[in-house]
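Understanding the architecture of this molecule
Chain residues, written in single-letter form:
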Amino acid sequence: MRKPPPLAAVDPAAPPPNLAKRPGAVPIALQGLSKQFGTGVQALDTINFDIAGGEFISIVGPSGCGKSTLLRIVAGLVEPTTGACERARNATAAFVFQDAALLPWRTVSRNAELLMELEGVPAPERGSRAAEALKLVGLAGFERSYPHQLSGGMRMRLSLARALALRPDLMLLDEPLAAVDELTRDVLQEELSQLWQMAGFTALLVTHNVHEAVYLSNRVVVMSARPGRILKVIQVPFPFPRSPELRSTAAFAKLTGDVSAALRQRDHI
Ligand SMILES: Nc1ncnc2c1ncn2[C@@H]1O[C@H](COP(=O)(O)OP(=O)(O)OP(=O)(O)O)[C@@H](O)[C@H]1O
Ligand SMILES: [Mg+2]
């Protein structure tokens, strides 16, 4: 069995003080959200869903059903046509995209500082927070490298570090692991789970991978084909921290089977 990932700093029981679990992890209330674009495409239809502060929620659903649109609405980048997304206005949200979206002319350190620059964090603090976040994701020693000198998995880690350095109350993850190979993906899932347990942000993850959704989440939301509606919400009862061995248990297989069955259900409505 694969060994746990090299993230020595991660101990949910004793988080480092400056990334400690904060009471600020934001609850989110999605109230009757619908979205119709100017082109006439209706992406989302009456989404009602409450997320508790600090929860890890995964969203699965067919391509084009409005998952990214939903994340953009929660981020405040897109306005819903009807309904509302209620969350604390002063909450810091960090978005991690499927392609790591790095600036090729900037070093790893300077990429890690990018979102903090946009938020107006002063330069000396940016440096120390970037260094801390890079260490957390296992990129210490690569500060002066450029993105093209990193592997795909390392680029994704850098993208995560850039988001973590913001110390977000809310992490919005749009298929962040879709572009990496399966083994790297497993390792990054462990790391993401540990980071979430340590930092205590609310997490909203879009993924096409049913195993990933179940392994990482408190609850999995299954959406219908466009216009996206919530077909089913599946509770994942396994306590955290979870170990990779969980993936080969019958209980885990049962839950992934439930999610897959709910996804197939869309064909019959
Ligand atoms: N800015 C936009 N203007 C017009 N239509 C849009 C816009 N953004 C998304 N759409 C449309 O809304 C629908 C939902 O798109 P969205 O990107 O949210 O889907 P998705 O579930 O994330 O799909 P995928 O799994 O392929 O990433 C699609 O039909 C898409 O073409
Ligand atoms: Mg998408």
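Residues numbered from 1 in each chain as written. Chains lettered and ligands numbered in written order. Predicted model: local features only at pLDDT ≥ 70, side-chain atom pairs only at ≥ 80, totals over all residues.

Grouped together as the largest cluster of nonpolar side chains are 74 residues, with contacts concentrated most on Ala161 and Leu172. Each of two domains, domain 1 (24-92 + 168-268) and domain 2 (103-166), supplies a minimum of three residues to this core. With residues up to four places along the chain from it excluded, the contact list for alanine 161 reads Ala112, Ala133, Leu134, Leu136, Val137 and Leu139. (Core = buried A, V, L, I, M, F, W, Y, C linked by C-beta atoms within 7 Å. Buried ≥ 20, exposed ≤ 12 C-beta atoms within 10 Å, placed from the backbone. Domains from an automatic or database assignment. Contact = placed C-beta atoms within 7 Å.)

Take the site of ligand 1 next. For ligand 1, the set of nearby residues contains 13 residues, the closest of which are Phe37, Ser63, Lys67, Ser68 and Thr69. The element best represented in the shell around ligand 1 is helix α1 (residues 67-75), accounting for three residues. The residue makeup of the shell around ligand 1, split by class, is four nonpolar, seven polar and two charged. (Near = placed C-beta within 6 Å. Helix = DSSP H or I, 4+ residues; strand = E, 2+ residues; numbered from the N terminus. Nonpolar A, V, L, I, M, F, W, Y, C, P; charged D, E, K, R; others polar.)

Hydrogen bonding along the main chain pairs the strands of a sheet, whether they run parallel or antiparallel. Spatial strand order, β2-β1-β4: three strands in an open sheet with antiparallel pairing. Across the chains shown, the open sheet's two edge strands, defined by having one partner strand only, are β2 (42-51) and β4 (82-86). Pairwise comparison of adjacent strand axes, ignoring direction, gives a mean angle of 20° for this sheet. Sheet topology note: the strand β1 (residues 28-36)/β2 ladder contains six bridges and is antiparallel. Note that in β2 the partner of alanine 29 across the bridge is aspartate 50. (Pairing = 2+ DSSP bridges. Axes fitted to C-alpha atoms, helices over the stretch in contact; angles between N-to-C directions.)

Without other data, these values stay purely geometric and don't point to any function.
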